[in-house]
Amino acid sequence: MATPAQARVDLAAIRHNVSLLKEQAGGAELMGAVKADAYGHGLVPASEAALEGGASRLGTAFVREALALRAAGVTAPILSWLITPDEPLDQALEADVELSAADARLLGEIAEVARRTGRTAKLHLEADTGMSRGGAPLAAWPGLLAKALELRAEGVIDIVGVWSHFACADIPGHPSIALQIEAFETALKLAEQAGAAGSHVIRHLSNSAAAMTLPAARYDLVRPGIAMYGLSPIPELGDFGLRPAMTLVAQVGLVKRVPEGSGVSYAHLYVTDRETTLGLVPLGYADGILRHATGRAEVLAGGRRRRIAGRVCMDQFMIDMGDDPLSAGDEVVLFGPGDGGEPTAQEWADTLGTITHEIVTRIGSRVPRVHEHTSSVTTGTSRRP
Ligand SMILES: *Cc1c(COP(=O)(O)O)cnc(C)c1O
């Protein structure tokens, strides 16, 4: 390993997961959610793997993420759904990036850019069906439709999608699920009656959890994220046959023998109870190893699980290897698919009281992503191990 640590990303696993999701989608299109650097897996290689696995579209939060995909030569349709004032909308229209809109202010701003650049903006209108995050509340929905139809008549926008997002799809049986589907049906009916939802308009509602458990909510397209990367959207229901794509490894840096009673790392939260050998692992909270993992999370080192000994620092943490030490340069596995006895990202999430989305997206920019099992059709943006 030429670097102190790396995140290995198995692109074959992403292709496998996406084809599994596509199969389950029963004819619906699949838009791979690749925001936040493809959940930390490397935007371009992971997106290419998703497209190879059967995704026909990609979704990002911000326009800049979509533009990065275009700059890398990705030609598939891309939707950006989190548009704030002063996003580079002219570049978005130039690069044929589809945009989400949920209020008249943004519609107006997009129309202005479309008039100026002479390009028709492709819009997905977002309804708030009960999450109260993005989207137009149903009370404002007819007004949004009216404004969008006006701009469509002017020729500055096209309505290509109507969509919404679940708040509780990962909580099977949550009463809000049925209510959100009902509200989405209402939004669709209003759009149809207004003439804003013709047959070419794509209706979409489902994240990973919904795509895998709610056939009634598939509509024309599903928008999975976490499941593409092989992590279960509903851990209580098992792994759904998904394969975790990311393995986070580090090289043991310093190895040293210390006496009984040695206080380890900041605040001496761990004190050795015998003479022992400590190993330094060069990953810290700046790399996404949450400080909260102090004394909690485990790693696989020398074929055995070892708990993080003492405080996680900015760049490093220690493990207590007892009388069974590794050597400097040996590999420690923080998490991976679990096949070799290493913890999984799910185990880290459970230990730290969070979700796997947060575990993988927080791996920092100092940790190189090394892409494995690139297929022959990828453009070579990723490295082989
Ligand atoms: C992140 C996101 C998704 C994917 O969610 P997962 O839970 O990772 O499947 C889908 N749609 C929108 C709007 C999102 O923000």
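About the criteria used
Residues numbered from 1 in each chain as written. Predicted model: local features only at pLDDT ≥ 70, side-chain atom pairs only at ≥ 80, totals over all residues. Heavy atoms only, no water. Axes fitted to C-alpha atoms, helices over the stretch in contact; angles between N-to-C directions. Helix = DSSP H or I, 4+ residues; strand = E, 2+ residues; numbered from the N terminus. Parallel < 35°, antiparallel > 145°, perpendicular 65-115°, else oblique. Left-handed = near helix turned anticlockwise from the far one by under 90°. Contact = heavy atoms within 4.5 Å. Nonpolar A, V, L, I, M, F, W, Y, C, P; charged D, E, K, R; others polar. Near = heavy atom within 4 Å. Polar contact = N/O pair within 3.5 Å; in protein donor to acceptor, adjacent residues only side chain to side chain. Areas by Shrake-Rupley, 256 points an atom, 1.4 Å probe, with all protein chains shown as cover. Salt bridge = Lys/Arg side-chain N within 4 Å of Asp/Glu carboxyl O. Buried < 20%, exposed > 50% of the residue type's maximum accessible area, 1.4 Å probe, protein only. Core = buried A, V, L, I, M, F, W, Y, C linked by side-chain atoms within 4.5 Å. Domains from an automatic or database assignment. Buried area = accessible area lost by both parts, 1.4 Å probe.

*Asks:* Which residues make up the packing of helix 1 (residues 11-24) against helix 3 (residues 43-53), and what values go with them?
*Replies:* At a closest axis distance of 8 Å, the pairing of helix 1 and helix 3 adopts a crossing angle of 40 degrees. In terms of their interaxial angle, helix 1 and helix 3 are classed as oblique. The chirality of how helix 1 crosses helix 3 is right-handed. On helix 3, the residues touching Leu11, Ile14, Arg15, Val18 and Ser19 of helix 1 are Pro45, Ala46, Ala49, Ala50, Glu52 and Gly53. Classifying every residue of the contact of helix 1 with helix 3 by side-chain character gives 7 nonpolar, 2 polar and 2 charged.

*Asks:* Can you break down the site of the ligand residue by residue, with the values?
*Replies:* Near the ligand, the surroundings consist of 14 residues, among which Lys35, Tyr39, Ser208, Arg223 and Ile226 are the closest. Residue Tyr39 places a side-chain N or O atom 2.5 Å away from an oxygen atom belonging to the ligand. Within the backbone of Gly225, one N or O atom sits 2.9 Å away from an oxygen atom of the ligand. When the ligand is considered free in solution it has 390 Å² of accessible area, and contact with the protein chains removes 91% of it.

*Asks:* Let's hear about the pattern of salt bridges: which residues, and what values?
*Replies:* One pass over the full model with this rule turns up 23 salt bridges. For the salt bridge of Glu112 with Arg115, the shortest nitrogen-to-oxygen distance reads 3.0 Å. Taken together, the residues Glu112 and Arg115, both in helix 6 (residues 104-117) and 3 residues apart, mark about one turn of the helix. With a relative accessible area of 44%, Glu112 lands in the partly exposed category. Salt bridges sharing common partners tie together Glu298, Arg305, Arg307 and Glu347.

*Asks:* Explain the nonpolar core to me, and be specific about the residues and the numbers.
*Replies:* The biggest cluster of nonpolar side chains holds 123 residues, and the ones touching the most others in it are Leu99, Phe317, Leu334, Phe335 and Trp348. Two domains each put at least three residues into this core: domain 1 (11-229) and domain 2 (246-372). When near neighbours in sequence (up to four residues on either side) are disregarded, Leu334 contacts Leu248, Val249, Ala250, Leu283, Ile289, Glu298, Val299, Phe317, Pro343 and Trp348. Judged by nonpolar contacts, the second largest core, of 5 residues, contains Val258, Val264, Leu278 and Met318.

*Asks:* Outline the domain arrangement of the protein chain, listing residues and values.
*Replies:* Domains assigned within the protein chain are domain 1 (11-229) and domain 2 (246-372). Each of domain 1 and domain 2 was reduced to a C-alpha centroid, and the two centroids are 38 Å apart. On the side of domain 2, 8 residues touch domain 1, which itself brings 10 residues to the contact. Summed over both sides, the interface between domain 1 and domain 2 buries roughly 770 Å², with carbon and sulfur atoms accounting for 64% of that surface. For the interface between domain 1 and domain 2, the tally reads 0 salt bridges. Counting across the domain 1 and domain 2 interface gives 3 residue pairs in polar contact (both at pLDDT 80 or more). Elements with a contribution of two residues or more to the side of domain 1 that touches domain 2: helix 1 and helix 2 (35-40). Ranked by the residues each element gives to the side of domain 1 that touches domain 2, the list is headed by helix 2, at 4 residues. Each residue belonging to the side of domain 1 that touches domain 2 can be placed in one class, and the counts come to 6 nonpolar, 3 polar and 1 charged.

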